[in-house]
Amino acid sequence: MSTALTVTADRMKFLRLALASDAVVTGGNGLVYLAFAGPVSDLLGPGAGLLRGIGAFLLVYGVAVGLLATRRAISPAATRAVIALNIVWTLASVAVVVTGAADLTTIGAIWTIAQALVVGAFAELQIVGLRKTRNN
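Residues numbered from 1 in each chain as written. Predicted model: local features only at pLDDT ≥ 70, side-chain atom pairs only at ≥ 80, totals over all residues. Heavy atoms only, no water.

Visitor: Outline a nonpolar patch on the surface, supporting the account with residue identities and numerical values.
Guide: On the surface, Val94, Val98, Ile113 and Leu117 cluster together into a nonpolar patch covering about 360 Å² of accessible area. Of all the elements in the fold, those that place two or more residues in the nonpolar patch are helix 4 (76-99) and helix 5 (106-134). Looking at where valine 98 falls in the secondary structure, it is placed in helix 4. (Patch = residues over 30% accessible without salt bridge, like charges linked within 9 Å, V, L, I, M, F, W, Y side chains within 5 Å. Areas by Shrake-Rupley, 256 points an atom, 1.4 Å probe, with all protein chains shown as cover. Salt bridge = Lys/Arg side-chain N within 4 Å of Asp/Glu carboxyl O. Helix = DSSP H or I, 4+ residues; strand = E, 2+ residues; numbered from the N terminus.)

Visitor: Any chance you could break down helix 5 for me, citing the residues and the numbers?
Guide: Given a rise of 1.5 Å per residue, 29 residues ought to cover 42 Å, and the 43 Å separating the end C-alpha atoms of helix 5 matches this to within 8%. Residues of helix 5 that are buried: Gly108, Thr112, Gln115, Ala116, Val119, Phe122, Ala123, Gln126, Gly129 and Leu130. (Expected span 1.5 Å × (residues − 1). Buried < 20%, exposed > 50% of the residue type's maximum accessible area, 1.4 Å probe, protein only.)

Visitor: Which residues make up helix 3 (residues 48-70), and what are the values?
Guide: Over its 23 residues, helix 3 runs 33 Å from end to end, which matches the ideal 33 Å to within 8%, given 1.5 Å per residue. Within the span of helix 3, buried status applies to Ala48, Leu51, Gly55, Leu58, Tyr61, Gly62, Val65, Gly66, Leu68 and Ala69.

Visitor: Give me the lowdown on the environment of glycine 129, citing residues and values where you can.
Guide: Relative to the helices and strands, glycine 129 resides in helix 5. With 117 residues separating them along the chain, glycine 129 and methionine 12 place their C-alpha atoms 7.1 Å apart. Beyond its immediate stretch of four places on either side in the chain, glycine 129 contacts Arg11, Phe14 and Leu15. (Contact = heavy atoms within 4.5 Å.)

Visitor: So what about the nonpolar core? Which residues, and what values?
Guide: Grouped burial of nonpolar side chains is what soluble globular proteins tend to show. Counting 13 residues, the largest nonpolar core has Leu15, Leu19, Val65, Leu68, Ile74 and Val82 as its most contacted members. Put simply, the parts of the chain that give this core at least two residues each are helix 1 (3-35), helix 3, helix 4 and helix 5. Not counting chain neighbours up to four residues away, the residues in contact with leucine 19 comprise Val65, Leu68, Ala69, Ile74, Thr79, Val82 and Gln126. Core analysis: the second largest hydrophobic core is formed by seven residues, Tyr33, Ala37, Ala48 and Leu58 among them. (Core = buried A, V, L, I, M, F, W, Y, C linked by side-chain atoms within 4.5 Å.)

Visitor: How would you explain the packing of aromatic side chains if you had to name every residue and give the values?
Guide: Within a pair of aromatic rings, the relevant descriptors are the distance that separates the centres and the angle that separates the planes. Here the structure, examined in full by the defined rule, presents two aromatic pairs. Centroid distance phenylalanine 57 to tyrosine 61: 5.7 Å. Interplanar angle 15°. Geometry classified as stacked. You can see phenylalanine 57 and its partner tyrosine 61 sitting in helix 3, four residues apart, about one turn around the helix. The class for phenylalanine 57 is partly exposed, based on a relative accessible area of 41%. Their ring planes at 10° and their centres at 6.1 Å tell us that phenylalanine 57 and tryptophan 89 sit as a pair that is stacked. Of this pair, phenylalanine 57 sits in helix 3 while tryptophan 89 sits in helix 4, placing them 32 residues apart in sequence. One aromatic cluster is present, built from ring pairs that chain together Phe57, Tyr61 and Trp89. (Phe/Tyr/Trp six-rings, centres within 6.5 Å; stacked < 30°, edge-to-face > 60°.)

Pasting the structure below:
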């Protein structure tokens, strides 16, 4: 491996880890919503159909983010899109709790805020990782 390629790989290591972690958590959450929509609905509040739709989205999104993380050179534009979607998800999650739009149980509201914090943290880690690819 050449020195230039080593430096580039080192700069992408943090971003790759941030994206891969996001992919695993998001995809796993999607699988749970799909496989256990009924019991999760009873626990969190939203209907099983809504949870299946969210689960399908999360699974597809997790796979897409995972594929991005495996690219030899990670696209800055695609990374910015992931960051933007994570920020939108975070804000939308808070809005759902505040407005009562999803008929969440108390546990559902706590879960929604907790996952919003996790998704927001992924966005922040991805921002830091993207900056690291341009610095040094």
